[in-house]
Amino acid sequence: MKFFSLIPTIGLAILGAVSVAAQQSSVVISDLGAVTVASGNLRDVVGNITVFNVLLQGPKVADGLTQIVNTVQNALTQFDPTTPPYNDDVAGEVVQALTLFVRVHQLLLSTIIGKHGVLTFFAPGIACALRQLEGVVDASLFLHLEATL
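None of the values given here were measured: they were computed from a predicted structure.

## Side note on helix α5 (residues 88-114)
Link 1 in the chain: With 27 residues, α5 should reach 39 Å at 1.5 Å per residue; the first-to-last C-alpha distance of 38 Å fits that figure.
Link 2 in the chain: Buried within α5 we find Val90, Val94, Ala97, Leu98, Phe101, Val104, His105, Leu108, Leu109, Thr111, Ile112 and Ile113.
Link 3 in the chain: The opening residue of α5, the one whose side-chain oxygen lies 3.1 Å from the backbone nitrogen of Asp89, is Asn87.

And the structure:
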């Protein structure tokens, strides 16, 4: 499924945002935490969608994905290419936050895939939100590459 191929890309987007978006590790960890919470909350919503409530709950999937995109974009607004690399201890904390995000986001995408039959009606909106997410990935990776070259 194409959704599974997005998992590494999304992780790289967040890593790119983390690498260049903030001067303080606490801000980076907080930003990752916000995206992780948004992903976990959306997973709960998607997991509770049934044929009986899909018309009310289905639109929340694309909205939730868009919220995740907006959270990453907000982190990118803090871009500072002069941020020095973190020391090993701080880098370890950032990696832990990133690892937790990736795990939670994998569960979210897996849950969306598992509900694909029920969510068919909302596929265009979900696809649009995923394209937005891809755009954020591209933007953050280019910023990261430019900052490190």
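## Regarding the nonpolar core
When a protein is soluble and globular, its nonpolar side chains tend to lie buried together.
Link 1 in the chain: The biggest cluster of nonpolar side chains holds 29 residues, and the ones touching the most others in it are Val61, Leu65 and Leu119.
Link 2 in the chain: Taken together, the elements giving at least two residues each to this core come down to α2 (25-47), α4 (59-76), α5 and α6 (123-148).
Link 3 in the chain: The residues contacting Val61, other than those within four sequence positions of it, are Leu42, Val46, Ile49, Ile112, Leu119 and Ile126.

## Things to note about the packing of α2 against α4
The relative placement of two packed helices is expressed as an angle between their axes plus a distance between the axes.
Link 1 in the chain: For the pair α2 and α4, the least separation of the axes is 10 Å and the interaxial angle reads 175 degrees. In terms of orientation, α2 and α4 fall into the roughly antiparallel class. Packed against α2, whose contacting residues are Asp31, Ala34, Val35, Ala38, Ser39, Leu42, Val45 and Val46, the element α4 presents Lys60, Val61, Gly64, Leu65, Gln67, Ile68, Thr71, Val72 and Ala75 at the interface.
Link 2 in the chain: The residue makeup of the contact of α2 with α4, split by class, is 11 nonpolar, four polar and two charged.

## Notes on the packing of α4 against α5
Link 1 in the chain: Contact geometry for α4 and α5: axes closest at 13 Å, N-to-C directions at 155 degrees. Classified by the angle their axes make, α4 and α5 are roughly antiparallel. Considering only the axes of α4 and α5, their crossing is left-handed. In this structure, α4 uses Val61, Leu65 and Ile68 to contact α5, whose residues at the interface are His105, Leu108 and Ile112.
Link 2 in the chain: Split by residue class, the contact of α4 with α5 holds five nonpolar, one polar and no charged.

## Observations concerning α2
Link 1 in the chain: Look at α2: 32 Å from first C-alpha to last across 23 residues, which is about the 33 Å you get at 1.5 Å a residue.
Link 2 in the chain: Buried within α2 we find Ser25, Val28, Asp31, Leu32, Val35, Thr36, Ala38, Ser39, Leu42 and Val46.

## Details of the side chain of Ser39
Link 1 in the chain: Here Ser39 shows up in helix α2.
Link 2 in the chain: Its relative accessible area of 0% is what places Ser39 among the buried residues.
Link 3 in the chain: Setting aside residues up to four positions removed in sequence, Ser39 forms contacts with Ile68, Phe101, Val104, His105 and Leu108.

## Quick look at the environment of Gly117
Link 1 in the chain: Mapped onto the elements, Gly117 comes out in the loop between α5 and α6.
Link 2 in the chain: On a C-alpha basis, the gap between Gly117 and Val51 in space is 9.4 Å, while along the polypeptide they are 66 residues apart.

## Brief notes about the environment of Asn53
Link 1 in the chain: Here Asn53 is to be found in the loop between α2 and α3 (54-57).
Link 2 in the chain: In the structure, Asn53 is positioned 65 residues away from Val118 in sequence and 9.8 Å away in space, judged by C-alpha atoms.
Link 3 in the chain: At a separation of 2.6 Å, a polar atom in the side chain of Asn53 contacts the main-chain amide nitrogen of Thr50.

## A closer look at the side chain of Asp31
Link 1 in the chain: Within the fold, Asp31 resides in helix α2.
Link 2 in the chain: Buried and unpaired, Asp31 has Arg103 as its nearest opposite-charge partner, separated by 21 Å.
Link 3 in the chain: Ignoring any residue separated from it by four or fewer positions in sequence, one finds Asp31 in contact with Thr71, Ala75 and Gln78.

Thresholds applied
- Residues numbered from 1 in each chain as written.
- Predicted model: local features only at pLDDT ≥ 70, side-chain atom pairs only at ≥ 80, totals over all residues.
- Heavy atoms only, no water.
- Helix = DSSP H or I, 4+ residues; strand = E, 2+ residues; numbered from the N terminus.
- Expected span 1.5 Å × (residues − 1).
- Buried < 20%, exposed > 50% of the residue type's maximum accessible area, 1.4 Å probe, protein only.
- Polar contact = N/O pair within 3.5 Å; in protein donor to acceptor, adjacent residues only side chain to side chain.
- Core = buried A, V, L, I, M, F, W, Y, C linked by side-chain atoms within 4.5 Å.
- Contact = heavy atoms within 4.5 Å.
- Axes fitted to C-alpha atoms, helices over the stretch in contact; angles between N-to-C directions.
- Parallel < 35°, antiparallel > 145°, perpendicular 65-115°, else oblique.
- Nonpolar A, V, L, I, M, F, W, Y, C, P; charged D, E, K, R; others polar.
- Left-handed = near helix turned anticlockwise from the far one by under 90°.
- Lys, Arg positive; Asp, Glu negative; His and termini not counted.
- Salt bridge = Lys/Arg side-chain N within 4 Å of Asp/Glu carboxyl O.

Everything listed here is a matter of coordinates, which is why it stays silent on function.
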